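Fold and contact review
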Amino acid sequence: MTRPPRWVVIPAVAAIALAASIITASARAPQGAAPAAAGAAETATQKATREASGKAPRGPWAYSGASGYTNYLGGGVGRSPEQPIAFPHPVHVNTLKLNCVYCHFAAFKSPDPGMPAVGTCVGCHQLVAGDRPEVKKIAQFAAKKAPIPWVRVHKVPEYVHFPHMRHVNAGVTCQSCHGQVNNMPQVFQYASLNMGWCISCHVKGYSPADGMRAAGFTPDSAALAAPRRKARYDCSSCHY
Ligand code: HEC
Ligand code: HEC
Ligand code: HEC
Ligand code: HEC
Ligand code: HEC
């Protein structure tokens, strides 16, 4: 397997250590907090959500390209369906430092990046925040042995071929196409996903420096020096 680029690798050990320290911190909170503030103490989730709010501006992609089919699921840019569980990316990514591919486990090897199994959530939430209403729902799905019916946000029409692994292995940051999901209390569609959008990047080439900026990093000298990465744009590369 190709070695994942630096921006996507966060050692699992660090994530677990962090999660453990948060678990410990919240377990200690009742004794540690001043009695008057005890009821009002901000949880890790509330803090992460407050800090992330407004940091993930809607995408700049208004160009509608060659066709008008920008509305496959309805809504287009900004589409943000309510989810069966109000899953907060900010606390899991920014605070706990979980890697995107910890949950979207197939992004490097499959056209479809994958969604986390209920077991991935249960592994932590057996121990963490089990009393919160949104977390209780996880146990309910697990008990029914039912997958969580997440509502799809991004989708291209069936006649379009979109391979995640080709992009991720080429170093295209998730945030180039999805915006700063790590700063979205509720995920929304950032880019138009229309044909003009795809082709404009393939023709102009992907800039690793822009990709790092999109992800919220200051580009390092290697990214600044790297050439744009172009891709095929003949019809058959995206349409069979
Ligand atoms: C702890 C697990 C977890 C981590 C880590 C995680 N995600 Fe997610 N992601 C989910 C879940 C669960 C959903 C479905 C619910 C939702 O939309 O919030 C989701 C939804 C999404 C969606 C919308 C999917 C659709 O239907 O179109 C995108 C895009 C996404 N994640 C990108 C990312 C990126 C980028 C990162 C890293 C910055 C990341 N995720 C990290 C669990 C995770
Ligand atoms: C690495 C451990 C870990 C994994 C894996 C994980 N979570 Fe969490 N989750 C946490 C921690 C820690 C918090 C913060 C709790 C707090 O606010 O004190 C949290 C917060 C939450 C909250 C917000 C709780 C509230 O305050 O309302 C929800 C909802 C949630 N997680 C759902 C999920 C779902 C769904 C999955 C699986 C896709 C998942 N989590 C995977 C550790 C994890
Ligand atoms: C070049 C643009 C691009 C990049 C880079 C990209 N995505 Fe996507 N993503 C898309 C498009 C387009 C779709 C809709 C694909 C479809 O309908 O088949 C999508 C769909 C998704 C979905 C929904 C899949 C589902 O089955 O519900 C998730 C989750 C997701 N992406 C996560 C990620 C993560 C995590 C990364 C980085 C590791 C990433 N994406 C990188 C463009 C991108
Ligand atoms: C931000 C830039 C960017 C966007 C947006 C983007 N791509 Fe790409 N795409 C790339 C790069 C870079 C490669 C080349 C990967 C490589 O060299 O292996 C690529 C490769 C591909 C390939 C493989 C081509 C081959 O050589 O076989 C397909 C298919 C593809 N993209 C489809 C799409 C579709 C469909 C969309 C829109 C829904 C899209 N891409 C949006 C940057 C992008
Ligand atoms: C880089 C990927 C990519 C390439 C190359 C590409 N397309 Fe597309 N095409 C898409 C995507 C994504 C859609 C769906 C979104 C949209 O309609 O804008 C689409 C939609 C279409 C549609 C449907 C439009 C509609 O309004 O229903 C047609 C027809 C089409 N493409 C023809 C072509 C032809 C002909 C070529 C070669 C000249 C081509 N495409 C090259 C990605 C691509």
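Let me sum up the structure you'll find in this document.

Rules and cut-offs
- All residue numbers here refer to positions counted from 1 along the written sequence of the relevant chain.
- Here every chain gets a letter starting at A, and every ligand a number starting at 1, in the order they are written.
- The predicted origin of the model limits local features to residues at a pLDDT of at least 70 and limits the giving and counting of side-chain atom pairs to 80 or more, whereas totals for whole chains, interfaces and linings rest on all residues.
- Near residues are defined by distance alone, with the backbone-placed C-beta atom required to lie within 6 Å of the molecule or strand.
- Runs of E in the DSSP output that reach at least two residues are strands. Runs of H or I that reach at least four are helices, and both are numbered from the N terminus.
- Amino acids are sorted into nonpolar (Ala, Val, Leu, Ile, Met, Phe, Trp, Tyr, Cys and Pro), charged (Asp, Glu, Lys and Arg) and polar (every other residue, Gly among them).
- Burial is judged by counting the other C-beta atoms within 10 Å of a residue's own C-beta: 20 or more makes it buried, 12 or fewer makes it exposed, and any count in between marks it as partly exposed, with every C-beta position built from the backbone.
- Any residue pair is listed as a contact if its two C-beta atoms, each placed from the backbone, are within 7 Å.
- Joining buried Ala, Val, Leu, Ile, Met, Phe, Trp, Tyr and Cys residues through C-beta atoms within 7 Å gives a set, and that set is a nonpolar core.
- The axes are straight lines fitted to the C-alpha atoms, using for helices just the contacting stretch, and the angles between their N-to-C directions are given from 0 to 180°.
- To sort the angles, those under 35 degrees are grouped as roughly parallel, those over 145 as roughly antiparallel, those from 65 to 115 as roughly perpendicular, and the leftovers as oblique.
- By convention, the crossing between two helices is left-handed when the near helix turns anticlockwise from the far helix through less than a right angle, and right-handed when the turn is clockwise.

Of all residues adjacent to ligand 1, which total 20 residues, the nearest are Cys100, Cys103, Val153, His154 and Cys174. For the shell around ligand 1, the secondary-structure elements that each account for two or more residues are helix H3 (89-95), helix H4 (100-103) and helix H8 (174-178). Taken together, the residues that form the shell around ligand 1 break down as 12 nonpolar, 7 polar and 1 charged.

Further remarks concern helix H9 (residues 195-204). When we look at burial in H9, the residues that qualify are Met195, Trp197, Cys198 and Cys201. On the buried face of H9, the contacting elements are helix H12 (235-238).

With that settled, consider the nonpolar core. By size, the foremost hydrophobic cluster in this structure holds 20 residues, and its most contacted members are Met184 and Ala191. For this core, the secondary-structure elements that each account for two or more residues are H8 and H9. Ranked by residue count, the leading element in this core is H9, at 4 residues.

Time to look at the packing of helix H5 (residues 118-125) against helix H6 (residues 133-143). Contact geometry of H5 with H6 gives a least axis separation of 10 Å together with a crossing angle of 130°. It follows from the interaxial angle that H5 and H6 lie oblique. As for how H5 packs across H6, the hand of that crossing is left-handed. In this structure, H5 contributes Val118, Cys121, Val122 and His125 to the contact, and H6 contributes Val135, Ile138, Phe141 and Ala142. Per-class residue counts for the contact of H5 with H6 are 7 nonpolar, 1 polar and no charged.

Purely geometric numbers; function is a separate question.
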